[in-house]
Amino acid sequence: MMMADASFKLTLVSPYPTLTELTNRLAPEYNCEVTTIEAVLDEARNLSVGEMAARPDVLLSRGGTASHLREAIQDIPVLSINTSALDLLAELQPFAAEVRHVVFPNYGQKLSGVREIARVLDIEIEETVYHSREELAGQVLLARLKKADLVIGGQLVVSEARKNDLPCVLLEAGEHSVREALREARDIAEMHRRLNRRNAWLNTILSNIAEGVIVTDEHDHIVVTNPTAERLLGVAADKAIGRPIGEIIPNSRAPAVRRSQQAEFGELLNVSGKMLVASRVPIASGDAVVGVVCTFAEGSRIQRAEQRLRGQLQQKGFVARHGFDDILTVSETMQAAKDIAAIYARGDATILVTGETGTGKELFAQAIHRASSYAAGPFVAINCAAIPETLLESELFGYDEGAFTGARRQGKAGLFEMAHKGTIFLDEIGEVTPALQVRLLRVLQERQIMRIGGNQMIPVDTRVICATNRDLGQYVREGRFRGDLFYRLNVLTINVPPLRSRVLDVPYICKRLLTDMLKEKPYDAVLEAILLPLATSYSWPGNFRELQNMMERLALVANLCPDWSWQRLVGQIWRPEVTGAEVASTGEMALRVAPEGGLKDMVRSVEEQIVRHYLAEHHNDQGRTAEALGISRMSLWRRLNGSSYH
């Protein structure tokens, strides 16, 4: 359908007045503005677009004249008003009783249905085909020699027949034929306008994008290039188009990509000493590859963009702030966990971090990210248990425009997309619903995601680290967690031991934290003598997080206290959720520190009580006791034999 708000322009090159009148009468019905030029056959060769009142969308004429126009004018579509068998029948019927032999010279090709008309009218119709005035003149002369009763044809045929004193009839295009031509002209004009708009969009895009673009055909010849490609490659478009790409870029892999049909992204390309980042994508048409789109970008520009992106990600909080040095420990079991995590960081397989709440699983995830090849990318963390299922799916995978009521008009990227070229940390993975487990499994298998309401797969290059305080193996046996997803997650596993099994870490962490938190007051022997018995007599069910909160509470009081007497308030400040006495009553140890002796004696007394307690708890099994304390068997042996206590 033609656009209702804009008529199209038609130039009619008319060989006879009646055609002009009929076309002008019908044109308004097809939203058409007509300009008429009188010309026949090779006279049309002398026409130029400049002679027309305005550049038309379509040129329209009759057979031979239309053919000459196509040769003379290349950049405007030319249509021919074709006469039909019905037009021929209408012109010959009045003469049927008077003539027996009719000569019908037709330009370019024969008309379908002529034999049937001859049979219906019971006359002989001799149809001939001509391509020039000279050829037509010969055919009309031959008709005179044959003593034809009538010559019928277009304006030029009638002119030649009259020169030879032959009876003749002008074969005119009827209303049906003109309507068909106008309808086709309207459709072609609309199609060309659409193509012109599309080309304008494409040219604007190619001229203004920062990347260089070169498109090759099925023979690896350049068919499209843009100004950025000209600048980067140092070759003008008119010198590049039509030439094999290998002559312009000797090390181009476009022919190889066309043959393999496999796209290449982010490859380095050295062109005359200039380092570019190139991507190549095959152009498929059905089962065939008909070319390749090659894009180029300067390496320095990409580096600047990445720097800006990292700055934006830091503003959004998508950055890992802690490394392995921030994991405080003197425990052998905890140090072993750090060592294995540092090894795992070198690969890109999925990691599962297990451990109780508060042990520092996210701390491990951040440290792994910072030590990995993904360190330059974002670190995106999400607690799967803290977000409702329906919201969690859209947070992880994003959504397209109109995916649901209230969705943003432009859609939203999910956290997997935001974590591209970085790490995504899925905490509390054991709380994910079965439906979402299926989608997570697909992401881990295919490294692609699809937004909610979307219809295309989006590739993501993301390191996945998961954490849980649940026994996922037991969840699998109970049918609460998919076995296939568990095995995908359980490729590399790190278990973060609880604080109660790292008793030597408690005084070490207390001292490190308070030393950093106290502003002007020292972590001195008096404080240590008061604090350590309290800290080591508690099992810390909240692990490191609970211990850190307690130290912050003590530091806050210390920094606000006007004198040094705050140290003696530690016992009053101490308010863990479970007191030491309650711990003792539930079977855990309760430490007692003798007031006699110095700090060293008090510390040794506390340590000895800890060791004796765990040894009794493990029925004098020194191996299990050493493991529970996070020390070696040799260290335990030295303590038991008095070298540490005497």
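Preceding this paragraph is the structure being described.
The present account deals with the structure reproduced in this document. The structure presented is a predicted model; accordingly, all values stated were derived computationally and were not measured. (Residues numbered from 1 in each chain as written. Predicted model: local features only at pLDDT ≥ 70, side-chain atom pairs only at ≥ 80, totals over all residues. Heavy atoms only, no water.)

## So, the packing of helix H1 (residues 17-26) against helix H7 (residues 175-208)
Running from N to C, H1 and H7 point in directions that differ by 55°, and their axes come no closer than 10 Å. Comparing the axis directions of H1 and H7 gives the class oblique. As for how H1 packs across H7, the hand of that crossing is right-handed. Mapping the contact onto sequence places Leu19, Leu22, Thr23, Arg25 and Leu26 in H1 and Glu175, Val178, Arg179 and Leu182 in H7. In terms of residue class, the contact of H1 with H7 is built from five nonpolar, one polar and three charged. (Axes fitted to C-alpha atoms, helices over the stretch in contact; angles between N-to-C directions. Helix = DSSP H or I, 4+ residues; strand = E, 2+ residues; numbered from the N terminus. Parallel < 35°, antiparallel > 145°, perpendicular 65-115°, else oblique. Left-handed = near helix turned anticlockwise from the far one by under 90°. Contact = heavy atoms within 4.5 Å. Nonpolar A, V, L, I, M, F, W, Y, C, P; charged D, E, K, R; others polar.)

## Brief notes about helix H15 (residues 389-397)
Residues spaced three or four apart along an α-helix point in a common direction, a consequence of the helix completing one turn every 3.6 residues. Taken together, the buried positions of H15 are occupied by Leu392, Ser394, Leu396 and Phe397. As for H15, its buried residues are in contact with strand S15 (379-383), strand S16 (398-399), helix H16 (415-418), strand S18 (423-427), helix H17 (434-446) and strand S19 (448-449). Just past H15, the residue glycine 398 takes up positive phi, approximately 75°. (Buried < 20%, exposed > 50% of the residue type's maximum accessible area, 1.4 Å probe, protein only.)

## Regarding the pairing of strand S7 (residues 150-153)
Both faces of S7 are covered, namely the face carrying Leu150 and Ile152 and the face carrying Val151 and Gly153. Bridge analysis of S7 against strand S8 (residues 168-170) gives three bridges, and the strand direction is parallel. By the bridge assignment, glycine 153 is partnered in S8 with leucine 170. Tracing the backbone out of S7, into helix H6 (residues 155-163) and back to the parallel element S8 gives a crossover that is right-handed. (Pairing = 2+ DSSP bridges. Right-handed = clockwise from strand over helix to strand, strands pointing away.)

## Remarks on empty space enclosed by the protein
Throughout the structure, instances matching the rule amount to six cavities of 30 Å³ or more. Taken as a whole, the second largest cavity holds about 70 Å³ of empty space. The residue makeup of the lining of the second largest cavity, split by class, is eight nonpolar, two polar and two charged. (1 Å grid on protein atoms, 1.4 Å probe; cavity = no way out; pocket = protein on both sides within 12 Å on 5 of 7 lines; lining within 4 Å. Points joined across faces, edges and corners; volume = space filled by probe spheres on them.)

## Topic: a nonpolar patch on the surface
A cluster of nonpolar side chains, contributed by Leu141, Leu142 and Leu145, occupies part of the molecular surface with about 300 Å² of accessible area. Turning to its location among the elements, leucine 145 is positioned in helix H5 (residues 133-145). Relative accessible area serves as the criterion here: at 64%, leucine 145 is assigned to the exposed category. (Patch = residues over 30% accessible without salt bridge, like charges linked within 9 Å, V, L, I, M, F, W, Y side chains within 5 Å. Areas by Shrake-Rupley, 256 points an atom, 1.4 Å probe, with all protein chains shown as cover. Salt bridge = Lys/Arg side-chain N within 4 Å of Asp/Glu carboxyl O.)

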